[in-house]
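Structural features, examined
Given next are the chains, with one letter for each unit.
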Amino acid sequence: MSWKIARKALIRTDSGSCLSEPSLEGADPELCITLFHRGLNFTGLKHRLLAADQPWIEEFIASGGLAAIFDAMEALGKKGFASIADALRQLECVGCVKAVMNNRFGLEFIIQTPDIPFIRKLAQVLDTNNGLVKMQVFEMLSALCLYSPEGYKLALDALEDYKRTKNQHYRFSLLVQELRSASTTEYAACLLAFVNCIVAACDELNKRVKIRNELIALQLLETLASWSHTDDERLATQLEVWEESQLEDQTHLEMPGATDINSHEDMFNAVYGKVCNTPNALPFLHILQNLLLIERDGTRSVAQWTVLEELTQAAVLMDNPAQADKVVAGGVEKIRVALTEEQLRKESSPKLAPPPSPGSSVPPPPPPPPLSGVQDIPAPPPPPGAPGIPPPPPVPGLPGAPPPPPVPGLPG
């Protein structure tokens, strides 16, 4: 080990901050991991990873280096930013992840290790005010989408996990919110590039349209319109990519004889045309009647439409009628889980006792139990007798009321 490098890295100021981060050029994986665990050399490790060959990266990952990076990244995210130095450490830590993913072996390891949710942990870093960090994360997610189908699934899964942990309704809410509030054209271009990667990496036309419609439903088009007059070349390019891909898919959908699957009315008419004057018309009517009972807004309605969408997809994919019971059972289980989660959320939320209604009598609380080892305190004696209040004078013309009887023990 290059302990000369390690000794330099251990030189610290009285306040605990490093005077400098020496180069780790030529350092072996073990030394780099040791210094990283001590929080001494984030930048040096990033440059060492960028210059490393595959055998070095393999040894680094096998020695727990990648896990150490993700653990540090998670800890920095929870800690927050007490200073600019903390923000820089988080930026350099995310840069270390990016350096590993720039290596083919490192990227394959991250994708092919499903038991460790690396990409989910990466997406959780997006809950930060550090714009440079978020840009790096979105760039890595974009690369995953285009690298392989497995990487694409992991990127979408990370967005689903972020939606769930942050109590958001939709998986693309974060993207549209960030794009709407982007303070620079550079950040907006990075976000829109990720959006375009999500759409482009999907091979099936219907699924691409579905993803695009999810984004449009979150008012993405209005957000893009606000950026339409930009002078930034990169952002203008991404806006052009979005428009061209949308136009191309729309052209395929509008081919002669094809049904416009973006039109609610056309889709309803197409389905109705299939079941009209057939025995399936009655179940279709019952389905519509049940759908009419779903409320327009609210968390419950979002969950109901999500379950219905998954159930209809599962029903369409059935190979034979014998699978019907399995599909129904799976749907019932999804509904049960959704209701259980909702009930748990209600029970975990603090509940305040309702105020008493006007005119209602609230019973007094029970008296406290007697203290152990203390004898009962006798009741206080009755107050001594006091002269009674003289009776009122008689009403003229009426006999006066008889005087009260004397109190025993008192002079008359």
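Preceding this section is the structure that the text describes.
Position labels on residues start from 1 in each chain and follow its written sequence. Reporting of local features is limited, given that this is a predicted model, to residues whose pLDDT is at least 70; pairs of side-chain atoms are given and counted only at 80 or more, and all residues count toward the totals for whole chains, interfaces and linings. The basis for every side-chain value is the complete set of heavy atoms in the structure, and neither hydrogens nor water enter the calculation.

**So, the overall build of the protein**
- Counting secondary structure elements, the protein contains 19 helices and zero strands.
- Out of the 412 residues in the protein, the part that is buried amounts to 32%.
- Here a residue-residue contact requires only that any non-hydrogen atoms of the pair lie within 4.5 Å. Within the protein, residue pairs in contact and separated by at least 24 positions form 60% of the contacts whose partners lie at least 6 positions apart.
- Taken as a whole, the protein presents about 27,100 Å² of accessible surface, with 60% of it coming from carbon and sulfur. Elements are defined by DSSP. Helices are runs of H or I of four residues or more, strands are runs of E of two residues or more, and each kind is numbered from the N terminus. Think of it in three bands: with a 1.4 Å probe and only protein chains considered, a residue is buried below 20% of the maximum accessible area for its type, exposed above 50%, and partly exposed in between. What sets the accessible areas is the Shrake-Rupley method with a 1.4 Å probe; for residues, cover comes only from the shown protein chains.

**Regarding helix α4 (residues 54-62)**
- Among all positions in α4, only W56, I57, F60 and I61 are buried. Each buried residue of α4 lies within a common arc of 130° when the element is viewed along its axis, so the set occupies one face. Structural note: α4 exposes P55 and A62 on the side pointing more than 90 degrees away from its buried face.
- Buried residues along α4 sit in contact with α2 (29-37), α3 (42-51), α5 (65-79), α6 (84-101) and α7 (104-111).
- The term polar contact refers here to a pair of N or O atoms within 3.5 Å; inside protein, the definition further demands a hydrogen-donor-capable atom paired with an acceptor-capable atom, and it admits residues adjacent in sequence only when both atoms are side-chain atoms. N-cap assignment for α4: the residue whose side-chain oxygen lies 3.1 Å from the backbone N of W56 is D53.
- Of the residues flanking the end of α4, it is G64, one or two places downstream, whose phi is positive at about 90°. To obtain the arc, one takes the directions from the helix axis to the C-beta atoms.

**Thoughts on the state of the cysteines**
- Throughout, a disulfide means two cysteine sulfur atoms within 2.5 Å of one another. Scanning all chains against the criterion turns up zero disulfides.
- Left unpaired, C32 is separated from the closest cysteine sulfur, that of C96, by 9.6 Å.
- Exposure remark for C32: the relative accessible area of 1% places this residue in the buried category.
- The thiol of C145 is unpaired, and the distance to the nearest cysteine sulfur, on C197, comes to 6.1 Å.
- By relative accessible area, C145 is classed as buried at 3%.

**A closer look at the packing of aromatic side chains**
- Pairing of aromatic rings covers Phe, Tyr and Trp, the last counted by its six-membered ring, and requires centre-to-centre distances within 6.5 Å; plane angles under 30 degrees mean stacked, over 60 mean edge-to-face, and any other angle means tilted. By the definition in use, this model includes six aromatic pairs.
- Here W56 and F60 contribute two aromatic rings whose centre-to-centre distance is 5.4 Å and whose plane-to-plane angle is 10°, an arrangement assigned as stacked. Here the residue W56 and the residue F60 both occupy positions in helix α4, the gap between them amounting to four residues, near one helical turn.
- The exposure class assigned to W56 is buried, which follows from its relative accessible area of 8%.
- Relative to F118, the ring of F109 lies with its centre 6.2 Å away and its plane at 45°, an arrangement referred to as tilted.

**Details of the side chain of S173**
- Within the element layout of this structure, S173 appears in helix α11 (residues 173-181).
- Within the structure, S173 has its side chain in polar contact with the backbone oxygen of Y170 (distance 3.1 Å).
- Every residue in contact with S173, bar those within four places of it in the chain, is listed here: Q168 and L218.

**Side note on the nonpolar core**
- One finds L49, I69, F138 and I198 to be the most contacted residues of the largest nonpolar core, which totals 80 residues.
- Those residues within four positions of L49 in sequence are excluded, and the remaining contacts are W56, I57, F60, I69, C96, A99 and V100. Throughout, nonpolar core names a set of buried Ala, Val, Leu, Ile, Met, Phe, Trp, Tyr and Cys residues whose side chains join them through atoms within 4.5 Å.

**Let's talk about unusual backbone geometry**
- We note that N167 has phi near 55°; this positive angle belongs to a residue other than glycine.
- Given the relative accessible area of 64%, N167 is considered exposed.
- One non-glycine residue, Q219, adopts positive backbone phi at about 65°.
- Inspection of the secondary structure assignment puts Q219 in the loop between α13 (205-217) and α14 (220-226).

**Topic: the pattern of salt bridges**
- Salt bridges, as used here, are contacts in which a Lys or Arg side-chain nitrogen is within 4 Å of a carboxyl oxygen on Asp or Glu. Here the structure, examined in full by the defined rule, presents 15 salt bridges.
- The closest approach of N and O atoms between R120 and D157, which form a salt bridge, is 2.7 Å. Taken as a pair, R120 in helix α8 (residues 118-124) and D157 in helix α10 (residues 149-165) lie far apart in primary sequence, 37 residues in all.

**A short note on α2**
- Buried residues of α2: P29, L31, C32, I33, L35 and F36, and no others.
- Trailing α2 by a residue or two, G39 shows a phi angle of about 65°, which is positive.

**What about the environment of V176?**
- Looking at the secondary structure, you find V176 in helix α11.
- Separated by 45 residues in the primary sequence, V176 and L221 place their C-alpha atoms 9.8 Å from one another.

**A closer look at a negative patch on the surface**
- On the surface, a cluster of negative charge is contributed by E240, E243, E244 and E248.
- Within the secondary structure, E240 sits in helix α15 (residues 233-253).
- Of the residues examined, E240 reaches a relative accessible area of 44% and is grouped as partly exposed. Each patch is built from residues lacking any salt bridge and having more than 30% relative accessible area; the joining distance is 9 Å for like charges and 5 Å for nonpolar side chains (Val, Leu, Ile, Met, Phe, Trp, Tyr). By the counting rule applied here, Lys and Arg register as positive and Asp and Glu as negative, while His and the ends of each chain are not counted. Where a charge lies is defined by one atom per residue type, namely NZ (Lys), CZ (Arg), CG (Asp) and CD (Glu).

**What about a nonpolar patch on the surface?**
- The grouping of F268, Y272 and L288 at the surface amounts to a nonpolar patch, some 270 Å² of accessible area in total.
- Tracing the backbone through its elements, the reader meets Y272 in helix α16 (residues 264-275).

**Side note on the packing of helix α12 (residues 185-200) against α15**
- Fitting a line to C-alpha atoms yields each axis, with helices limited to the stretch in contact; the angle taken between N-to-C directions then spans 0 to 180 degrees. Two elements in contact, α12 and α15, have axes separated by 8 Å at closest approach and are oriented at 25°. As summarised for this structure, α12 and α15 are arranged roughly parallel, according to the angle between their axes. By crossing handedness, the relation of α12 to α15 is classed as left-handed. The segment α12 lies against α15, with T185, E186, A188, A189, C190, L192, A193, V195, N196 and V199 engaging R234, L235, Q238, L239, V241 and W242.
- Each residue is assigned to one class: nonpolar for Ala, Val, Leu, Ile, Met, Phe, Trp, Tyr, Cys and Pro, charged for Asp, Glu, Lys and Arg, and polar for all the others, Gly among them. Split into classes, the residues belonging to the contact of α12 with α15 amount to eleven nonpolar, three polar and two charged. Working rule for angles: under 35 degrees goes down as roughly parallel, over 145 as roughly antiparallel, 65 to 115 as roughly perpendicular, anything else as oblique. Crossing handedness: left-handed means the near helix sits turned counterclockwise from the far one by under a right angle, and right-handed means the same turn made clockwise.

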